[in-house]
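# Coordinate analysis (summary)
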Amino acid sequence: MTDEPYILVLYYSRHGHTRTLAGAIAQGIRAAGLQARIRSVPVLRDSGQSPASDRDLTCTLEDVEHCSGLALGSPTRFGHMAAAVQSFVESWSPLWLKGSLIDKPAVLFTSSQSAHGGQESTLLGMLPVLLHQGMLLLGLPYSEPPLQHSLQGGSPYGAGHIAQTGSTGLHRDERALAEALGRRLGRTALALRR
Ligand SMILES: Cc1cc2nc3c(=O)[nH]c(=O)nc-3n(C[C@H](O)[C@H](O)[C@H](O)COP(=O)(O)O)c2cc1C
C-alpha cells in the first residue's frame with residue numbers, strides 16, 4: 001500500500017472480459033502519470049458467481065474513499081449492471097455521508113455479449129450512483145477517431161467490449177477508446193488535485 005495518489009479501477013467480471021477492459025483503462029491512467037489501483041468488487045455470497053481471476057485484490061471501502069478518481073465497470077446483465085456491483089455501491093453510504101467522493105472524476109465501462117445487448121443502458125444506469133456521490137462524470141469525445149467509425153464497443157458514455165467472439169481480447173478500437181478514457185480520467189484527476 002502506498003500514500004501516492006491513485007485512480008481506483010473497480011470492476012466485476014465473471015469471464016474476464018470486463019477485467020480486460022479494466023486493464024486497458026489502467027494503462028491509460030498510468031500513461032497520464034497517475035497510479036492505477038485495480039480491484040474487483042466483493043463477490044456476492046450464495047450467488048454461485050466467482051471472479052474471473054484472483055489476480056486482483058478485492059476492493060475495500062478505504063480503497064474507494066481515498067481514490068483521486070474512479071473507473072467503474074460491470075458486465076451488462078439484462079441491460080443493467082451486475083448485482084455484485086449494485087451490492088457493493090450500496091455499501092458506500094458512509095462515503096456518501098462524509099462526501100468522500102464529491103468533485104472526484106469518474107468514468108464507466110462495460111462488456112456485453114452482443115452489440116445491441118444494452119451497453120448504453122448499463123452505463124447510463126450506473127451514472128446516477130456516481131452522481132449521487134457527487135462525482136464528476138467523464139465520457140469519450142468524438143475527437144477520438146474510433147468513435148467516428150467503429151462497429152465495436154465504446155461510446156460517448158464510456159468504454160465497451162463486445163464479447164461475441166468468445167475471446168477476452170479487445171478489438172484495437174475498443175482498446176484505443178479504453179486507453180483514451182483512462183488517459184482522460186488521469187489527466188482530469190491531476191488537474192483537479194487539491
Ligand atoms: C445473467 C446474465 C445476463 C446477461 N445479460 C446480457 C445482456 O443483457 N446483453 C448482452 O449483450 N449480454 C448479456 N450477458 C452476457 C455478458 O454481458 C457478457 O458475456 C459479458 O462479456 C461478460 O463479462 P465478463 O466476462 O466480464 O463476466 C449476460 C450474462 C449473464 C450471465
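See above for the structure.
This section reports on the structure supplied with the text. If you're wondering where the values come from, they're calculated on a predicted model, not measured in any experiment.

Thresholds applied
Residues numbered from 1 in each chain as written. Predicted model: local features only at pLDDT ≥ 70, side-chain atom pairs only at ≥ 80, totals over all residues. Heavy atoms only, no water. Helix = DSSP H or I, 4+ residues; strand = E, 2+ residues; numbered from the N terminus. Rg over C-alpha atoms; globule rule 2.2 N^0.38 Å. Buried < 20%, exposed > 50% of the residue type's maximum accessible area, 1.4 Å probe, protein only. Areas by Shrake-Rupley, 256 points an atom, 1.4 Å probe, with all protein chains shown as cover. Lys, Arg positive; Asp, Glu negative; His and termini not counted. Charge placed at Lys NZ, Arg CZ, Asp CG, Glu CD. Near = heavy atom within 4 Å. Polar contact = N/O pair within 3.5 Å; in protein donor to acceptor, adjacent residues only side chain to side chain. Nonpolar A, V, L, I, M, F, W, Y, C, P; charged D, E, K, R; others polar. Axes fitted to C-alpha atoms, helices over the stretch in contact; angles between N-to-C directions. Parallel < 35°, antiparallel > 145°, perpendicular 65-115°, else oblique. Left-handed = near helix turned anticlockwise from the far one by under 90°. Contact = heavy atoms within 4.5 Å. Arc of directions from axis to C-beta. Salt bridge = Lys/Arg side-chain N within 4 Å of Asp/Glu carboxyl O.

## Observations concerning the overall build of the protein
In terms of helices and strands, the protein carries seven helices and seven strands. Order of helices (α) and strands (β) in the protein, N terminus to C terminus: β-α-β-β-α-β-α-α-β-α-β-α-β-α. Its C-alpha atoms give the protein a radius of gyration of 15 Å, near enough to 16 Å, the size a compact globule of 194 residues would have. For the protein, the C-alpha atoms occupy an extent of roughly 45 × 40 × 30 Å along the three principal directions. Considering the protein as a whole, with its 194 residues, one finds that 51% of them fall into the buried category. For the protein, the exposed surface amounts to about 9200 Å²; the carbon and sulfur share of it is 51%. The positive charge centre, built from 17 side chains, and the negative charge centre, built from 15, are 3 Å apart in the protein.

## Here we look at the site of the ligand
Taken together, 17 residues lie near the ligand, and Ser13, His17, Thr18, Thr76 and Ser111 sit nearest. The side chain of His17 places a nitrogen or oxygen atom 2.7 Å from an oxygen atom of the ligand. Interatomic distance of 3.1 Å between a backbone N/O atom of Gly79 and an oxygen atom of the ligand. Protein chains shield 79% of the accessible area of the ligand, which is 650 Å² for the free molecule. If you list the elements that add at least two residues to the shell around the ligand, you get helix H1 (17–31) and strand E5 (105–112). Of the residues belonging to the shell around the ligand, the class tally is three nonpolar, 12 polar and two charged.

## Description of the packing of H1 against helix H7 (residues 172–192)
Following both chains from N to C, one finds H1 and H7 inclined at 45°, their axes separated by 6 Å at the closest point. The angle between the axes of H1 and H7 places the two elements in the oblique class. Between H1 and H7 lies a crossing whose hand is right-handed. Residue-level inspection shows Thr20, Leu21, Ala24, Ile25, Gln27, Gly28, Ile29 and Ala31 of H1 in contact with H7, the latter providing Arg175, Ala178, Glu179, Gly182, Arg183 and Leu185. Residue composition of the contact of H1 with H7, grouped by class: seven nonpolar, four polar and three charged.

## Regarding helix H5 (residues 119–132)
Turning to H5, its buried residues number three or more, namely Gln119, Thr122, Leu123, Met126 and Leu130. The arc that holds the buried residues of H5, viewed along the axis, is 90°, so those residues lie on one side. Turning to H5, the residues buried within the fold contact strand E4 (69–75), E5, strand E6 (136–137) and strand E7 (159–162). Taken from the residues just after H5, Gly134 is the one with a positive phi, measuring 85°.

## Quick word on the pattern of salt bridges
With the rule as written, the count across this model stands at five salt bridges. In this structure, Asp63 engages Arg37 in a salt bridge whose closest nitrogen and oxygen atoms are separated by 2.9 Å. With Asp63 in helix H2 (residues 61–65) and Arg37 in strand E2 (residues 35–40), this residue pair connects regions lying 26 residues apart in the sequence. Each member of the pair Asp63 and Arg37 is classed as buried. Between Arg175 and Glu179 there is a salt bridge whose closest N-O contact spans 3.8 Å. Residue Arg175 and its partner Glu179 are located together in helix H7, separated by four residues, close to a single helical turn. Judged by its relative accessible area of 30%, Arg175 is partly exposed.

## Looking at unusual backbone geometry
The residue Phe78 is not glycine, and still its phi comes out positive at about 50°. Following the sequence through the fold, Phe78 ends up in the loop between E4 and helix H3 (83–89). Within the chain, Asp103 stands out as a residue other than glycine whose phi angle is a positive 70°. Position of Asp103 among the secondary structure elements: in the loop between helix H4 (93–98) and E5.

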